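Residue-level structural notes
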Amino acid sequence: MRPVTDPAPMTTDQLKELNDRLELLRGYLDVEKRSFQIEDLTQQSLNPDFWNDSKAAEGVMKQLQSHRNWVKQYESVAEKVEELEILQEFLKDGEGSEEELEKRYETAVETVDDAEFRATLNRPEDELGAILEINAGAGGTEANDWAEMLLRMYSMYCEKHAGHKISMANRQDGDAAGIKSATMEINGDFAYGMMKGENGVHRLVRISPFNAQGKRQTSFASVFVHPLVDDTIEVEINPADLKWDTFRASGAGGQHVNKTESAVRVTHAPTGIVVECQDERSQHKNRDRAMKMLRSRIYELELEKQRAEREELESGKTANEWGSQIRSYVLDDRRVKDHRTGWQTSQTDAVLDGDLEGFLKAFLRWDGEAK
């Protein structure tokens, strides 16, 4: 589906191309099937016994909302294309203006472009929230400061650009500045789908503010993104496979966190996954959050196994794992470049202030082409 970028007044051929893209989008989203499913799930929800099994009911309502959202998005696009056809007929009859037609045409193209992009987020886990982990690489204060810069960048993207809600689950401050590690929950539609490409090592090159000689320094930090599972997703965990430890929370928090062992650490023996939570004052709340995060990690591990079985990425593509440098932020050259997609910008300040949309979309398009 090729985007239309011709700035000239809209022609009949351009309108036909938009309609062709709309038809492809309708088929890709399977609008007819979704419409039938909406009707069926709606009937199920009207059953008097529907909420007797609240977990199953929540699953049905989640499916229903998902289908409604996709159909609504398609209908919004179709409506804009239909408006164009009407305006073009008015223009033929001597009514309206070419300027108005062109303005509506550009809006319709943007809407179709966005809908085509959103349609790539078509896996069940893409619609979930996310858990984002940041770990400073070797390098002490330099690396810790870079890790905190990344934490700020992602926090600003979520709150300012994406409208997601975030909450800290764990934070380990550096000895002098920055953070050694941090984990935050991101709640919002398609948070995981949009941010899953951030997995990997992020490299910073800058004139160090911590070096008296003003030398250029290189720092590294790793980022991991996992889908945030909800109660409608089954993840079986045997309590016998869990080892729990409690300890005193570190960092800010007042006298309470220093005197009680409210922080928890859980280890899942079969996978070796370890999760820590210390941001809640209550040990019980920290245990609940740790289990939620553990379920998300195990779910992500299973998704990775499934992807490995059904997909073989093109040779030469960089794997999204620890040790793979996915992006460089070279501040003195005013350049941020993604090494997988080739996407880059000179707006380094904007990127560090959370303007990541270009990088996120470029990855999803690149990833789709590799499948």
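Scroll up a little and you will see the structure.
Starting from 1, residues in each chain are numbered consecutively following that chain's sequence as written. For a predicted model such as this one, the threshold for reporting local features is a pLDDT of at least 70, and the threshold for listing and counting side-chain atom pairs is 80 or more; totals across whole chains, interfaces and linings nevertheless cover every residue. The basis for every side-chain value is the complete set of non-hydrogen atoms in the structure, without hydrogens or water.

Quick look at the overall build of the chain
On a plain count of helices and strands, the chain comes out with ten helices and eleven strands. The 371 residues of the chain split such that 43% are buried. Reported accessibility uses the Shrake-Rupley method at a 1.4 Å probe radius. Residues are deemed covered only where the shown protein chains occlude them. Accessible area for the chain stands at about 19,600 Å²; split by element, carbon and sulfur atoms hold 47% of it. Strands here mean DSSP runs of E at least two residues long; helices mean DSSP runs of H or I at least four residues long; both are numbered from the N terminus. Using a 1.4 Å probe on the protein chains alone, a residue whose accessible area is under 20% of its type maximum counts as buried, one over 50% counts as exposed, and one in between counts as partly exposed.

Some words on the packing of aromatic side chains
Two aromatic rings from Phe, Tyr or Trp, using only the six-membered ring of Trp, form a pair when their centres are within 6.5 Å; if the ring planes differ by under 30 degrees the pair is stacked, by over 60 it is edge-to-face, and anything between is tilted. As enumerated under the stated definition, the model contains four aromatic pairs in all. Ring geometry for Trp70 versus Phe190: centroids 5.7 Å apart, planes at 80°, classification edge-to-face. Taken as a pair, Trp70 in helix 3 (residues 54–92) and Phe190 in the loop between strand 3 (179–187) and helix 6 (191–195) lie far apart in primary sequence, 120 residues in all. On the basis of relative accessible area, Trp70 is assigned to the buried category, the value being 7%. An angle of 40° between the planes, with centres 5.7 Å apart, marks the rings of Phe363 and Trp366 as tilted.

Let's talk about the side chain of Ser208
Summarising the element assignment, Ser208 is placed in the loop between strand 4 (200–207) and strand 5 (216–228). When checking whether two residues touch, look at their non-hydrogen atoms; a contact exists if any pair is within 4.5 Å. Excluding residues within four positions of it along the chain, Ser208 makes contact with Glu142, Gly214, Lys215 and Gln217.

Re the environment of Glu79
Mapped onto the elements of the fold, Glu79 is located in helix 3. Glu79 sits in the partly exposed class, given a relative accessible area of 46%. Separated by 29 residues in the primary sequence, Glu79 and Ala108 have C-alpha atoms spaced 9.1 Å apart.

Describing the sheet that holds strand 7 (residues 263–268)
Strand order in the open sheet made by the three strands is 6-7-8, with antiparallel pairing throughout. Edge strands, defined here as strands with exactly one partner in the open sheet, are strand 6 (242–247) and strand 8 (273–277). Ignoring which end each strand starts from, the neighbouring axes of this sheet average 15° apart. Here six bridges tie strand 6 to strand 7, and the two strands are oriented antiparallel to one another. Its bridge partner being in strand 7, Trp244 is matched across the sheet by Val266. When DSSP finds two or more bridges between a pair of strands, those strands are recorded as paired. Lines fitted to the C-alpha atoms define the axes, with helices restricted to the stretch that makes contact. Angles between their N-to-C directions range from 0 to 180 degrees.

A look at the pairing of strand 2 (residues 165–173)
Examined bridge by bridge, strand 2 and strand 3 share eight bridges and lie antiparallel to one another. Within the sheet, the bridge partner assigned to Met168 lies in strand 3 and is Met184. Linking strand 2 to strand 3, which pair antiparallel, is a turn of five residues; within it Gly178 sits at a positive phi near 70°.

A few points about the packing of helix 1 (residues 12–29) against helix 3
Where helix 1 contacts helix 3, the axes come no closer than 11 Å and their chain directions differ by 165°. Considering their axes alone, helix 1 and helix 3 lie roughly antiparallel with respect to each other. Every pair of crossing elements has a handedness; the one defined by helix 1 and helix 3 is left-handed. Residues Thr12, Leu15, Leu18, Asn19, Leu22, Leu25, Arg26 and Leu29 of helix 1 lie in contact with helix 3, whose contacting residues are Trp70, Tyr74, Val77, Ala78, Val81, Leu84, Glu85 and Gln88. Residue composition of the contact of helix 1 with helix 3, by class: eleven nonpolar, three polar and two charged. Roughly parallel means an angle under 35 degrees; roughly antiparallel, over 145; roughly perpendicular, 65 to 115; everything else is oblique. Should the near helix be turned anticlockwise from the far one by less than a right angle, the crossing is termed left-handed; should it be turned clockwise, right-handed. Amino acids are sorted into nonpolar (Ala, Val, Leu, Ile, Met, Phe, Trp, Tyr, Cys and Pro), charged (Asp, Glu, Lys and Arg) and polar (every other residue, Gly among them).

Remarks on the nonpolar core
Within this scheme, the nonpolar core is defined by two criteria: the residues are buried Ala, Val, Leu, Ile, Met, Phe, Trp, Tyr or Cys, and they are joined through side-chain atoms within 4.5 Å. Residues Leu132, Leu150, Tyr154, Met195 and Tyr329 are the most contacted members of the largest nonpolar core, which totals 66 residues. When residues no more than four places from it in sequence are discounted, the contact partners of Tyr154 are Leu132, Ile134, Met184, Met195, Glu198, His202, Val223 and Leu356. With 19 residues, the next largest nonpolar core counts Leu128, Leu228, Val275 and Leu303 among its residues.

A few points about the pattern of salt bridges
One speaks of a salt bridge when a side-chain nitrogen belonging to Lys or Arg is within 4 Å of a carboxyl oxygen belonging to Asp or Glu. Per the counting criterion, the structure on display carries 27 salt bridges. One network of salt bridges, with partners in common, ties together Glu198, Arg327, Asp338 and Arg340.

A short note on the sheet that holds strand 9 (residues 325–330)
Spatial ordering of the open sheet is given by 2-3-1-5-4-9-10-11, a layout of eight strands whose pairing is mixed. The open sheet is flanked by strand 2 and strand 11 (344–345), the only strands paired with a single partner. Sheet topology note: the strand 1 (residues 129–136)/strand 5 ladder contains eight bridges and is antiparallel. Of the residues in strand 5, the one forming a bridge with Ala136 is Ala221.

Thoughts on the packing of helix 3 against helix 4 (residues 98–118)
It is the contact of helix 3 with helix 4, at a shortest axis distance of 10 Å, that shows an interaxial angle of 160°. What the angle tells us is that helix 3 and helix 4 run roughly antiparallel. For helix 3 against helix 4, the interelement crossing comes out left-handed. Where helix 3 abuts helix 4, its residues Trp70, Gln73, Val77, Lys80, Val81, Glu83, Leu84, Leu87, Gln88 and Leu91 lie against Glu98, Leu101, Arg104, Tyr105, Thr107, Ala108, Thr111, Val112, Ala115 and Arg118.

Description of the side chain of Thr111
If you trace the backbone, Thr111 turns up in helix 4. Here Thr107 takes part through its backbone oxygen, which lies 2.8 Å from a polar atom of the side chain of Thr111. In contact with Thr111, not counting residues within four places along its chain, are Val77 and Lys80. N or O atoms within 3.5 Å of each other form a polar contact, as long as, within protein, one can give a hydrogen and the other can take it, and as long as residues adjacent in sequence are counted only when both atoms are side-chain atoms.

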